[in-house]
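The chain contents come next:
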Amino acid sequence: MITEIAPAPERAESESARPPGRRRAWDEVPRWHIYLPLSVYLLFTLVPFYWILLFALRPAGSTSLVPWPMTFDHFEKVWTERSFGLYFQNSVLVGVATLVLTTVVALAGGYALARFDFRLKRGFMLALLCSQFVPGALLLVPLFQIFAELSMINSLGSVVIAETVFQLPLSMILISGFIKNVPPSLEEAAWVDGCNRFSAFRIVVLPLLRPGLIAVGSFAFVHAWNHFLFALMFLSDQSKQTIPVGLNTLMSADSVDLGALAAGGIVAAVPVVIVFAFIQKWLITGFSAGAVKG
């Protein structure tokens, strides 16, 4: 007599029979394992900002840990007496001009790197990558000599060109990666419909590059806004200085006006924070655009 033995249930079937809301014990992580490190990091990040606000908003000579009574005298002082209104205007001009120039040139160069094959292309890409290891201080002497020959010393244009030169290699590499994610078949379809290469790029490809262009442009703007060295070396007239150099003028060898320095730091930081708050969605999309090839 032969007895049939029922087959043992497969492991996959037993795992699939588990209720969907039930997890294994080693998959369950206590919430405090997540919230505790995040709380420590948040505290470490926000405490310096609180001290800046404290020194900027409390009266001079006060030692209170709470900015009360609140005063805006330090902001009025740096904006009027310390010419931060003029520094702010110069920084906006330098930042916006660097953003536009870097984005336009990097867009053209990135398209060439993404769509054309030419001799020594790999070597050119390697040179762009290696240029990122060169400190900006090493560019001061050659750039100063070039601007002196062109009579551009003490001109905001010299700072814009220097910042653009410093930002272009990485911007071209990033934009070329974004363009590679756009299928060439979209451009070819536009060519069939009668568009030339420039029209196809403008109508089809350029709208798809918006997140990448915003990411690259924001980096160029923030770097030009915060960069101290080029503005210090190429601008000698105080009326043409930018905010980072203006912050340096608030510190002297004898004393430091902490209230004015904190107020100036907030004036320098708030525009960048506002810009990133508005473009956060596009910025995150631009960061992730090159992760998956379309």
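Residues numbered from 1 in each chain as written. Predicted model: local features only at pLDDT ≥ 70, side-chain atom pairs only at ≥ 80, totals over all residues. Heavy atoms only, no water.

In this section: the packing of aromatic side chains. Within this structure, the stated rule accounts for 12 aromatic pairs. Taken together, a centroid distance of 6.1 Å and an interplanar angle of 45° make the contact between F72 and F75 tilted. With a centroid separation of 5.4 Å and an interplanar angle of 85°, the aromatic rings of F88 and W225 are classed as edge-to-face. Of this pair, F88 sits in helix α4 (residues 84–115) while W225 sits in helix α10 (residues 210–226), and the two are 137 residues apart along the sequence. Through successive ring pairs, a cluster of aromatic residues spans F144, F147, F166, F230 and F234. Residue placement shows R58 over the ring face of F55; its charged tip is 4.6 Å from the ring centre. (Phe/Tyr/Trp six-rings, centres within 6.5 Å; stacked < 30°, edge-to-face > 60°. Helix = DSSP H or I, 4+ residues; strand = E, 2+ residues; numbered from the N terminus. Lys NZ or Arg CZ within 6 Å of the ring centre and 35° of its normal.)

So, on to helix α2 (residues 32–57). With 26 residues, α2 should cover 38 Å at 1.5 Å per step; its first-to-last C-alpha distance of 35 Å lies within 8% of that length. Taken together, the buried positions of α2 are occupied by L54, A56 and L57. (Expected span 1.5 Å × (residues − 1). Buried < 20%, exposed > 50% of the residue type's maximum accessible area, 1.4 Å probe, protein only.)

In this structure, A56, F75, V78, F84, W225, I243 and L247 are the most contacted members of the largest nonpolar core, which totals 19 residues. Here this core takes seven residues from helix α13 (residues 258–289), the largest share from any one element. With near-sequence residues (within four places) excluded, L247 lies in contact with F84, L261, G264, G265 and A268. With 18 residues, the next largest nonpolar core counts L107, I179, V182 and F201 among its residues. (Core = buried A, V, L, I, M, F, W, Y, C linked by side-chain atoms within 4.5 Å. Contact = heavy atoms within 4.5 Å.)

As a packed pair, helix α5 (residues 121–131) and helix α7 (residues 156–180) sit with axes 8 Å apart at the nearest point and diverge in direction by 130°. It follows from the interaxial angle that α5 and α7 lie oblique. Along this stretch, α5 crosses α7, giving a crossing that reads as left-handed. Where α5 abuts α7, its residues F124, M125, L128, L129 and S131 lie against P169, M172 and I173. (Axes fitted to C-alpha atoms, helices over the stretch in contact; angles between N-to-C directions. Parallel < 35°, antiparallel > 145°, perpendicular 65-115°, else oblique. Left-handed = near helix turned anticlockwise from the far one by under 90°.)

Moving on to the side chain of H227. With respect to the helices, strands and loops of the structure, H227 is situated in the loop between α10 and α11 (229–234). Take H227: its relative accessible area is 17%, and that puts it in the buried class.

Under the counting rule described, the total for this entry stands at two salt bridges. A salt bridge links D117 to K121; its shortest N-O distance comes to 3.5 Å. Given the relative accessible area of 73%, D117 is considered exposed. (Salt bridge = Lys/Arg side-chain N within 4 Å of Asp/Glu carboxyl O.)

Scored by pLDDT, the chain has a mean of 81; 85% of the residues are at 70 or more. Highest mean pLDDT in the chain belongs to α4 (91); lowest belongs to helix α1 (residues 11–16) (47). Low pLDDT, under 50, characterises residues 8–16; the stretch is placed with zero contacts to residues that sit more than four places away or in other chains. Ignoring residues within four places in sequence, the model shows residues 290–294, a span with pLDDT below 50, making six contacts including any to other chains. (pLDDT = per-residue confidence, 0-100.)

This brings us to the packing of α4 against α10. Closest axis-to-axis distance for the α4/α10 pair is 8 Å, and the angle between their directions is 140°. Once α4 is placed against α10, the crossing between them reads as right-handed. Here F88, S91, V92, V94, G95, V96, T98, L99, T102, T103 and L107 of α4 come into contact with α10, specifically with L213, G217, A220, F221, A224 and W225. The residue inventory of the contact of α4 with α10, partitioned by class, reads 11 nonpolar, six polar and no charged. (Nonpolar A, V, L, I, M, F, W, Y, C, P; charged D, E, K, R; others polar.)

Before going further, it helps to examine unusual backbone geometry. Unusually for a residue other than glycine, S83 sits at a positive phi of about 60°. Tracing the chain through its elements places S83 in the loop between α3 (73–81) and α4. For S151, which is not a glycine, the phi torsion comes out positive at approximately 55°. With respect to the helices and strands, S151 occurs in the loop between α6 (140–149) and α7. Judged by its relative accessible area of 65%, S151 is exposed.

This paragraph deals with the side chain of S176. Here S176 lies in helix α7. On the accessibility criterion, S176 (3% relative accessible area) is buried. When sequence neighbours within four positions are dropped, the list of residues in contact with S176 reads G110, L113 and A114.

Okay, a nonpolar patch on the surface next. Taken together, L43, V47, Y50, W51, L65, V66, W68, M70 and F72 make up a surface patch of nonpolar side chains, about 990 Å² in accessible area. The topology assignment puts V47 in helix α2. (Patch = residues over 30% accessible without salt bridge, like charges linked within 9 Å, V, L, I, M, F, W, Y side chains within 5 Å. Areas by Shrake-Rupley, 256 points an atom, 1.4 Å probe, with all protein chains shown as cover.)

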